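# Structural description and commentary
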Amino acid sequence: TETAAIGVSPINGLVYWVERTVATPRFGTWNPATGATSIIGNAATPAGIASFIRATFCPDGRFYIAGNGSAGGAGAEIYQINPANGALIRTLVITNIPTSGSGDIVCMSNGDMYVMAQSVGAGTPYQLYRITAAQVNTGGTFAANLQGNLNTPNTQAFNGLSERADGRILASVAFNTTANYVINTTTAVATTLTTVASAALVDLSREFPRDVSVTKT
């Protein structure tokens, strides 16, 4: 397929990917140290998802993927997938998040999850939603909190979110522009980071920090 949603595992440092635009998407890893790709199998998600474009790891190793469209029609659906075998662990249904346009999800260090989605359709603003750590942990069906509309051109298609060390979100856009932004998670205000020609990226993920120390006795 032409693209895949990706996330970097905090457990082993591998890049996990899930195919876009196929009925039964393949699921696997890519090793950034060796360049080797390994196919684990298929992501066990409900049929009817039009396009998987969102993926994220939480700091504790939970892996979530989401697409454009809803299998059940209830809202935006986010699937927790077992990284070892692609099995579906549970489904989160977010009732007030649009299911059109591009976008991404990111799980923050505190366990909160942010979702980028286009408000209605082409030519409308992108919006930032927050799902609390408690909601993510509880699961089920609930409404996320709208943080606000992004103050960016409506023609920009957001395709990547990643947490920065300062707790803000790095966001990339692709297809029709070449810009990266830093987003305030409280206000959804986006500050332009760069607009150079090489800035257009399809997806973003972060490498989690390592807590390593050495004591000599």
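This text goes with the structure placed above it.
Not measured: the values here are computed from a predicted model. Along every chain, residues carry numbers that run from 1 in the direction the sequence is written. Under the rules for a predicted model, residues below a pLDDT of 70 receive no local features and side-chain atom pairs below 80 are neither given nor counted, while totals for whole chains, interfaces and linings still include all residues. The side-chain values count all of the structure's non-hydrogen atoms but skip hydrogen atoms and water molecules.

### Thoughts on the sheet that holds strand β15 (residues 169–174)
Applied cut-off: Only strands that DSSP links by at least two bridges are regarded as paired with each other. Here a strand is any run of E in DSSP of at least two residues, a helix any run of H or I of at least four, and the numbering for each starts at the N terminus. Axis lines are fitted to C-alpha atoms, over the contacting stretch for helices. Their N-to-C directions set the angle, which ranges from 0 to 180 degrees.
Read across the open sheet, the four strands follow the order β14-β15-β16-β17; overall the sheet is antiparallel. Both outer strands of the open sheet, β14 (157–163) and β17 (190–194), are each paired with one neighbouring strand and no more. In this sheet, adjacent strand axes meet at a mean angle of 30° when their direction is disregarded. Relative to strand β16 (residues 180–183), β15 runs antiparallel, the two being bridged by four bridges. Bridge assignment links I169 to a residue of β16, and that residue is I183.

### Quick word on the state of the cysteines
What counts here: We call a pair of cysteine sulfur atoms a disulfide whenever their separation is within 2.5 Å. Only protein chains enter the accessibility calculation, which uses a 1.4 Å probe. A residue is then buried if its area is under 20% of the maximum for its type, exposed if over 50%, and partly exposed in between.
Under the counting rule described, the total for this entry stands at one disulfide. With its sulfur 2.0 Å from that of its partner, C58 forms a disulfide with C107. Its S-S torsion of about 100° marks the bond between C58 and C107 as right-handed, since a negative value means left-handed. Separated by 49 residues along the polypeptide, C58 in the loop between β5 (51–57) and β6 (63–68) and C107 in strand β9 (residues 104–107) bring together distant segments of the chain. By the burial criterion, C58 is buried, and C107 matches it.

### Overview of the pattern of salt bridges
What counts here: The working definition used for a salt bridge is a side-chain nitrogen of Lys or Arg within 4 Å of a carboxyl oxygen of Asp or Glu.
Tallied over the entire structure, the rule returns five salt bridges. A salt bridge links D166 to R164, with the shortest nitrogen-to-oxygen separation between them at 2.8 Å. We classify R164 as partly exposed; its relative accessible area is 26%. Overlapping salt bridges, with partners in common, bring together R164, D166 and R168 in one network.

From the geometry alone we can't say anything about function, so treat these as descriptive.
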